[in-house]
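# Inside the fold
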Amino acid sequence: MQAPEHTTSTATLNGHLVGYARTSTTNQKAGLEAQLRDLTGAGCAKVFREELSSVATKRPELERALDYVREGDTLVVTKLDRLARSVADLVGITAKLQAKGVALRILSMNLDTGTSTGKLMVNLLGSIAEFERELMLERQREGIAKAKAAGKYKGRAPTARSKATEVIRLKAEGKTADGIAQELGIGRASVFRILRAA
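Residues numbered from 1 in each chain as written. Predicted model: local features only at pLDDT ≥ 70, side-chain atom pairs only at ≥ 80, totals over all residues. Heavy atoms only, no water.

Two quantities define a packed helix pair, namely the angle between the helix axes and the distance between the axes. For the pair helix α7 (residues 164–172) and helix α9 (residues 188–197), interaxial distance at closest approach is 10 Å and the crossing angle is 85°. With respect to α9, the element α7 is oriented roughly perpendicular. Judged by residue contacts, Ala164, Val167, Ile168 and Lys171 of α7 engage Val191, Ile194 and Leu195 from α9. The class makeup of the residues in the contact of α7 with α9 is 6 nonpolar, no polar and 1 charged. (Axes fitted to C-alpha atoms, helices over the stretch in contact; angles between N-to-C directions. Helix = DSSP H or I, 4+ residues; strand = E, 2+ residues; numbered from the N terminus. Parallel < 35°, antiparallel > 145°, perpendicular 65-115°, else oblique. Contact = heavy atoms within 4.5 Å. Nonpolar A, V, L, I, M, F, W, Y, C, P; charged D, E, K, R; others polar.)

This is the structure in structure tokens:
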């Protein structure tokens, strides 16, 4: 009699299952509790959780989870949108995990990058992201070419250089480079560059 095929990722055999749960706002307690229940049910002994919007630039708990996982572990999420903001974001997170020898499992999609099918799916998503990026850049280049042909293309205004007179004035008033950078919303390096040129 033939032994049944096991779909369990090799990562889960040797490593740990580490969960990550996220809700957009603190009002979504039920959503967070459901994720925690599903992650615990999937076998996650450790779960990182955060309550913040998907547009938030930093996700400290996700960063902690990515830092915490070790070779052979599997990072588990309930749904793709709890982890990534876009296909490109997913590809970036997956690359970080791959570099550490960590698999990714998305429960709702039954996707596990510890399996050959899971790896194939993520590679396909990565190819789609790259294709989208190429299309966007091509459209951008075409738009610039059209604008140049029509004499309407000015290029991006150099924000720091346009504030050179203000930088020099504030420096003359005795402000520090950090203070000037903060007040004008430009980089500290730009402040030094302007002052050196002056």
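The pLDDT averaged across the chain works out to 82; a share of 85% of its residues lies at or above 70. Looking across the chain, the model is least confident in helix α1 (residues 10–14), with a mean pLDDT of 48, and most confident in strand β3 (residues 74–77), with 96. Note that pLDDT drops below 50 for residues 1–12; the model gives that stretch 16 contacts with residues more than four away or on any other chain. (pLDDT = per-residue confidence, 0-100.)

Attention now goes to the nonpolar core. Counting 19 residues, the largest nonpolar core has Tyr20, Leu75, Leu83, Leu97 and Leu104 as its most contacted members. If you list the elements that add at least two residues to this core, you get β1 (17–23), α3 (60–68), β3, α5 (87–99) and β4 (103–106). The contact partners of Leu83, leaving out residues within four places of it in the chain, are Tyr20, Arg59, Leu62, Leu75, Val77, Asp89, Leu90, Ile93 and Leu104. Counting residues in each nonpolar core, the second largest holds 9 residues, with Val167, Ala181, Ile186 and Val191 among its members. (Core = buried A, V, L, I, M, F, W, Y, C linked by side-chain atoms within 4.5 Å. Buried < 20%, exposed > 50% of the residue type's maximum accessible area, 1.4 Å probe, protein only.)

Spatially, the 5 strands line up as an open sheet ordered β2-β1-β3-β4-β5, and their pairing is mixed. Both edges of this open sheet fall to β2 (46–51) and β5 (111–112), since each of them pairs with a single strand only. The sheet contact formed by β3 and β4 spans 4 bridges and is parallel. Bridging from a neighbouring strand, Val76 pairs with Arg105 of β4. Contacts from helix α2 (residues 29–41) reach β1, β2 and β3, with the element oriented near 170° to β1. (Pairing = 2+ DSSP bridges.)

A word on the side chain of Gln35. Structurally, the position occupied by Gln35 is in helix α2. What makes Gln35 buried here is its relative accessible area of 7%. At 2.8 Å, the side chain of Gln35 forms a polar contact with the backbone oxygen of Arg22. (Polar contact = N/O pair within 3.5 Å; in protein donor to acceptor, adjacent residues only side chain to side chain.)

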